[in-house]
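# Descriptive analysis of the structure
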Amino acid sequence: MSKHLYNKAIKETEREADADVLVIGGGPSGAWAAITAAAKGARVILVDKGYCGTSGATAPSGTGVWYINPTPEEQEAAMKSREAMGGYLADRKWMLSVLNRTFSNVNLLDSWGYPFPLNDSGGKHRKSLQGPEYMRLMRKQVKKAGVTIWDHSPALELLKDEHGIGGAAGVVSATGNQWVVKAGAVIIASGGCAFLSKALGCNVLTGDGYLLAAEAGASLSGMEFSNAYAIAPVFSSVTKTAFYTWASFYHEDGTIVEGAGSQKGRSVIARTLQTEPVYARLDKTNEDMQKWMRKAQPNFFLPFDRLGINPFTDKFPITLRLEGTVRGTGGIHILNEKCETAIPGLYAAGDAATRQLICGGFTGGGSHNAAWAMSSGSFAGEAAGEYALNLGQNAAHRNVTGISSTPFTSKTDKNHQNNQVVKEVIKDVQAEVTPFEINLFRNVKNLKPSLQRLDSIWNDIRSGKLADVSNRVKARESAAMTATARWMYSSALERKETRGMHKRTDYKEQNPDFHYRLLTGGLDHICTRPEQNLLHREGVKG
Amino acid sequence: MIELISESKCISCGLCVSVCPTNVFEQKKGEVPVISRKDDCQTCFMCEVYCPVDAMYVSPNIEEEVIDENQIVQSGIMGSYRKELGWGKGRSSSAALDASYKMFRLMSKLPGH
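Residues numbered from 1 in each chain as written. Chains lettered and ligands numbered in written order. Predicted model: local features only at pLDDT ≥ 70, side-chain atom pairs only at ≥ 80, totals over all residues. Heavy atoms only, no water.

### Brief notes about the overall build of chain A
What counts, and what does not: By definition, any uninterrupted DSSP run of H or I lasting at least four residues is a helix, any uninterrupted run of E lasting at least two residues is a strand, and each is numbered from the N terminus. The reference for a compact globule is 2.2 Å times residues^0.38; the radius of gyration itself is calculated from the C-alpha atoms. Contacts are assigned to residue pairs that have any heavy atoms within 4.5 Å of one another. Under the convention used here, a 1.4 Å probe and the Shrake-Rupley method define accessible areas, while residue burial counts only the protein chains that appear.
A tally of regular secondary structure across chain A gives 14 helices and 18 strands. Taking 542 residues into account, the globule formula puts the C-alpha radius of gyration at 24 Å, and chain A, at 22 Å, falls close to it. Overall, chain A is about 65 × 55 × 50 Å in size when its C-alpha atoms are taken along their principal axes. Long-range contacts, defined as pairs at least 24 residues apart, comprise 75% of the intrachain contacts of chain A with a sequence gap of at least 6. Of the roughly 18,900 Å² of accessible surface on chain A, a fraction of 49% belongs to carbon and sulfur atoms.

### A look at the packing of aromatic side chains
Where we set the bar: Pairing of aromatic side chains here covers Phe, Tyr and the six-membered ring of Trp, requires ring centres within 6.5 Å, and sorts the geometry by plane angle: under 30 degrees stacked, over 60 edge-to-face, intermediate tilted. Relative accessible area decides the class of each residue, using a 1.4 Å probe on protein chains only: under 20% of the type maximum gives buried, over 50% gives exposed, and in between gives partly exposed.
As enumerated under the stated definition, the model contains 20 aromatic pairs over all chains in all. Ring geometry for Phe243 of chain A versus Phe301 of chain A: centroids 6.1 Å apart, planes at 45°, classification tilted. Here Phe243 of chain A, found in the loop between β10 (228–233) and β11 (248–250), pairs with Phe301 of chain A, found in helix α8 (residues 298–307); they are 58 residues apart in sequence, far enough to count as distant. Its relative accessible area of 1% is what places Phe301 of chain A among the buried residues. Note on Phe45 of chain B and Tyr81 of chain B: the rings are 6.0 Å apart at their centroids and 70° apart in plane angle, and the pair reads as edge-to-face. A residue pair is termed long-range when its members are at least 10 positions apart, and Phe45 of chain B in the loop between β3 (34–35) and α2 (46–50) and Tyr81 of chain B in helix α4 (residues 80–84) qualify at 36 residues. Tyr81 of chain B carries the same exposure label as Phe45 of chain B, and that label is buried.

### Some remarks on the environment of Gly30 of chain B
Residues and elements named next belong to chain B. Secondary-structure assignment places Gly30 in the loop between β2 (25–26) and β3. Here Gly30 falls in the exposed class, since its relative accessible area comes to 64%. For the pair formed by Gly30 and Ala96, sequence separation is 66 residues and the distance between their alpha carbons is 36 Å.

### Regarding the interface of chain A and chain B
Inclusion rule: Throughout this description, the term salt bridge denotes a Lys or Arg side-chain nitrogen within 4 Å of a carboxyl oxygen of Asp or Glu. Whenever two N or O atoms come within 3.5 Å, that pair is a polar contact, provided that in protein one can donate a hydrogen and the other can accept it, and provided that, for residues adjacent in sequence, both atoms are side-chain atoms. Gly falls in the polar group here, along with every residue not listed as nonpolar (Ala, Val, Leu, Ile, Met, Phe, Trp, Tyr, Cys, Pro) or charged (Asp, Glu, Lys, Arg).
In this complex, chain A contributes 55 residues to the contact, which on the side of chain B involves 48 residues. For the interface between chain A and chain B, the tally reads two salt bridges. A salt bridge links Arg306 of chain A to Glu48 of chain B; its shortest N-O distance comes to 2.6 Å. For the pair chain A and chain B, the interface holds 18 residue pairs in polar contact (both at pLDDT 80 or more). At the level of elements, β4 (128–130), α4 (131–144), α7 (287–296) and α8 of chain A are the ones that each hand at least two residues to the side of chain A that touches chain B. Take the side of chain A that touches chain B: its biggest share by element is six residues, from α8 of chain A. Residue composition of the side of chain A that touches chain B, grouped by class: 26 nonpolar, 18 polar and 11 charged.

### A word on the sheet that holds strand β18 (residues 527–530) of chain A
Residues and elements named next belong to chain A. Using the following cut-off: In this analysis, strands are considered paired if DSSP registers two or more bridges between them.
Reading across the sheet, the four strands line up as β14-β9-β17-β18 and stay open at both edges, with antiparallel pairing between neighbours. Either end of the sheet is taken by a strand with one partner, and the two such strands are β14 (331–332) and β18. Direction of pairing for strand β17 (residues 518–521) relative to β18: antiparallel, over a ladder of four bridges. Note that in β18 the partner of Leu519 across the bridge is Arg529.

### Thoughts on the sheet that holds β10 of chain A
Residue and element names in this part refer to chain A. Our working definition: Axes, fitted as lines to C-alpha atoms, cover a helix only where it is in contact. Angles between the N-to-C directions of the axes lie from 0 to 180 degrees.
One open sheet accounts for four strands, arranged β10-β13-β12-β11; its pairing is antiparallel. Across the chains shown, the open sheet's two edge strands, defined by having one partner strand only, are β10 and β11. Averaged over all pairs of adjacent strands, the angle between their axes in this sheet comes to 45°, without regard to strand direction. Bridge analysis of strand β12 (residues 278–281) against strand β13 (residues 316–324) gives three bridges, and the strand direction is antiparallel. Within β13, the position partnered with Ala280 by the bridge is Phe316.

### Looking at the side chain of Ser450 of chain A
As for its placement among the helices and strands, Ser450 of chain A is situated in helix α13 (residues 444–462). Ignoring sequence-local partners within four residues, the contact set of Ser450 of chain A consists of Glu432, Ile438 and Tyr489 of chain A.

### Looking at the domain arrangement of chain A
Residue and element names in this part refer to chain A. Stated formally: Where each domain starts and ends follows an automatic or database-derived domain assignment. Here the buried area means the combined drop in accessible surface, using a 1.4 Å probe, for two parts upon being joined, counting both sides.
The domains assigned to chain A are domain 1 (10–226 + 325–402), domain 2 (230–323) and domain 3 (420–533). Taking only C-alpha atoms into account, the centre of domain 2 sits 29 Å from that of domain 3. Facing seven residues of domain 2, the contacting portion of domain 3 comprises nine residues. Approximately 620 Å² of surface area, both sides summed, lies buried where domain 2 meets domain 3, with 70% of it carried by carbon and sulfur atoms. The largest share of the area that domain 2 buries against domain 3 comes from Arg271, Gln274 and Leu322, three residues that together contribute 59% of it. On the surface where domain 2 and domain 3 come into contact, there are zero salt bridges. Counting the contacts that link domain 2 with domain 3 gives one residue pair in polar contact (both at pLDDT 80 or more). With four residues, helix α6 (residues 266–273) is the largest single contributor of residues to the side of domain 2 that touches domain 3. Each residue belonging to the side of domain 2 that touches domain 3 can be placed in one class, and the counts come to four nonpolar, two polar and one charged.

### Focus on the nonpolar core
Soluble globular proteins tend to pack their nonpolar side chains together in the buried interior. Residue and element names in this part refer to chain A. Worth spelling out the cut-off: What we call a nonpolar core is a set of buried Ala, Val, Leu, Ile, Met, Phe, Trp, Tyr and Cys residues that are connected through their side-chain atoms within 4.5 Å.
Leu109, Leu158, Tyr244, Phe249 and Trp487 are the most contacted members of the largest nonpolar core, which has 182 residues in total. Considering every element that reaches this core, the biggest residue donor is helix α14 (residues 472–494), with 11 residues. Apart from residues lying up to four places away in sequence, Tyr244 is in contact with Ile231, Ala232, Pro233, Phe249, Ser262, Ala280, Leu282, Phe300, Phe304, Phe316 and Ile318. Of all hydrophobic cores here, the second largest spans 10 residues; its members include Leu5, Tyr6, Ala169 and Val400.

### As for the side chain of Arg266 of chain A
Residue and element names in this part refer to chain A. Keep this limit in mind: We treat Lys and Arg as the positive residues and Asp and Glu as the negative residues; His and chain ends play no part in the count.
The topology assignment puts Arg266 in helix α6. For the buried Arg266, no salt bridge exists, and the shortest N-O distance to an oppositely charged side chain is 5.6 Å, to Glu323. Of note is the side chain of Arg266, whose polar atom sits 2.7 Å from the backbone oxygen of Tyr229. Not counting the four nearest positions on each side in its chain, Arg266 is found in contact with Tyr229, Ala230, Ile231, Thr241, Gly261 and Leu320.

Set out below in C-alpha cells:
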C-alpha cells in the first residue's frame with residue numbers, strides 16, 4: 001500500500017497533461033465553469049467520473065430554474081419567498097448575484113439553441129430545463145469552447161505545494177491506470193452526496209469533492225442541512241417530487257394517511273413508513289392537468305408506463321429515498337463571489353459548494369439548485385481562469401505532491417476482486433445515514449452513538465482497511481461517504497435547535513442564538529464552529 | 001436496472017459504454033457490449049436514451065428482474081423513452097413541449113409556495 005496515488009516515478013501513468021484550470025465534475029456547474037474559464041483564455045481540462053452530459057442529478061431528470069425577470073419588484077419577491085423556510089440563513093447579496101447571472105445564462109442557453117417552449121403569445125418559458133437535452137447541449141458547448149474532456153476519469157487526489165493547489169491525480173476507469181493533471185487552479189464541481197441510494201442520477205454523487213477539499217484544508221458549511229429525502233415509488237429511482245403535490249397518501253387498508261403531503265407532510269409519511277407501507281395516487285388532478293403533466297416530465301411517467309400502472313387512478317407503494325446533500329444545502333465553504341475556498345487555487349461550485357447562501361437551510365426543489373449550479377459554475381470558472389493566467393506559464397512545473405488522507409493500493413486492477421470490504425463499509429455508512437430515526441428526526445440520543453460508529457469506520461479506513469482494495473475508485477468513494485456522514489452528524493449535534501430541514505426532536509424550536517451558518521472540517525478530528533460575519537440579520541425570528 | 005442489450009439490434013457502436021455514468025458496460029472491439037457491472041446500474045435510463053438503434057432495455061425496477069427478451073421486443077417498449085424525448089432522426093426535441101410552466105403557475109397559487 002502507498003499513502004498517495006500520485007507518484008512521479010510511477011510507470012503506469014497513462015495520461016499526463018498541463019492546464020491552467022482543471023474542472024472536476026461534468027454536471028451543470030462543471031460545464032459552466034469550464035466554458036467560462038475557457039472564455040477567459042484559460043486552457044481547461046474537465047474530468048468526469050462518468051460522462052459529461054449524462055453524469056449527475058440533472059442529466060436524467062428535469063429541473064425548474066430560478067429564472068426571474070430582472071426588475072427590482074420581481075427579484076425582491078423571489079428572494080423573499082423562501083427566506084423563512086430556509087431559517088434566514090441565506091444572503092441577499094448572493095441571491096441577487098445568482099438571480100442576475102442565472103437570467104443571463106439561461107438567455108445564453110436560448111441563443112445556443114435550447115428549445116424552450118413557447119407561450120400563447122409567442123414568448124418563451126425559460127423556467128424549466130429538460131435534463132437530457134440541457135446536458136447534451138452543455139457538452140456540445142464545452143467542446144466548442146475548446147475544453148478537453150476526459151470522461152470516465154475520476155479524480156482521487158489533489159496535488160499541492162506551499163503556494164496552494166496545483167492539480168489532481170485520478171484513475172482512468174477503463175484501465176485502472178493513473179492520470180495526472182497539473183494545473184494553476186482546480187474547481188471542484190463534483191456534486192453532493194446521496195450515499196448510493198439510487199435516487200435518480202445520484203449514484204455518482206458520493207461526496208468525493210468534500211473529501212478532496214477537506215484534505216486540502218478547506219472547510220465545509222451547512223452540513224447539518226443534509227437530510228433531504230425524496231418521494232419515489234418503492235420500485236423506482238425516479239425521485240421527482242413536485243407532482244406529489246396533487247397526490248393523496250393511503251394506508252394499506254385504503255384509508256387516508258392524515259396530514260401526509262409532499263411538502264410539510266413529508267414527516268408524516270416518514271413516521272408512517274416506520275411501521276407500515278404507504279401508497280400514493282395522483283388523484284387531485286383533473287384531465288387537463290394529467291395531459292400537461294406528461295409533457296412536463298416524461299421521466300416521471302416512464303416507470304409507471306412500463307409497469308402498467310396508471311398513477312392517476314392506481315395506488316402504488318412509495319418510499320422516501322435519501323438525497324443527502326444533493327437536495328440539502330450543505331457543502332464546501334466558499335469565501336466570496338469568486339467561489340474561492342480558503343486554499344489558494346481551489347474553487348468550488350454547484351452542489352459541491354454550500355447552497356445556504358441562496359437557500360439557507362432548506363431547498364424543496366431543483367430550481368434554486370439549478371440556478372446555483374449555472375451561476376456558481378460561471379463565477380468559479382471566471383475567477384479560476386483569471387487566477388491561473390496570472391500565475392503565468394510556469395505554474396504547471398511546480399513541485400506538487402499528492403495530499404490524500406486515505407491509503408491507496410499500488411496494485412492496479414479495475415476489476416472487482418476484494419470488493420467485499422468496500423461493500424461492508426458502504427453498508428455500514430448507509431445504516432447510519434438512511435434511517436429516519438437518526439437522520440430525519442434528529443436527537444442527541446441517536447446522533448451521538450451514530451457519530452461514534454462512523455468515527456470508528458473512519459479510523460479503520462485511515463489505518464488501511466481499504467488499502468488493498470484493487471478498485472481504488474470504490475475505495476475512495478466509500479471513504480468520502482464516511483467522511484461526509486461524520487461532518488453531517490457533527491454539525492447536526494452542534495446545531496441544538498430546529499431550523500430549515502434540520503429537525504431536532506430534542507430542540508423543537510428555532511432559536512435565535514443559533515442564527516448563524518456552521519462551519520465544519522477536519523479529518524481525524526472534526527472541528528465545528530459558527531461562521532462569523534452573518535451579513536443579513538433582518539429576518540431574525542425568535 | 002439495465003436488463004438487455006439486444007444482439008439482433010445492436011450495431012456495436014459503443015455509445016452506451018461511453019455515456020453510462022456508472023461504467024456498467026464492457027466492450028471488446030467490434031463486439032456487442034456486455035453488461036459486466038450490473039450492480040453499479042443506477043437506473044437512470046441514459047444508455048437507452050442515447051442508443052441510436054433502440055437496442056437497450058432498462059427495466060423501471062431498481063432491483064434485478066427476470067425479463068423475456070422476445071416479449072420486451074414485441075411490446076414495442078424498446079426505444080419508447082428516446083421517442084418520448086424526441087431524440088433520433090426525423091424527430092424534434094420534446095423539450096419544446098415542456099409544460100412545466102403550467103405546474104409552476106398552479107403551485108404558486110397553493111398555500112406555502
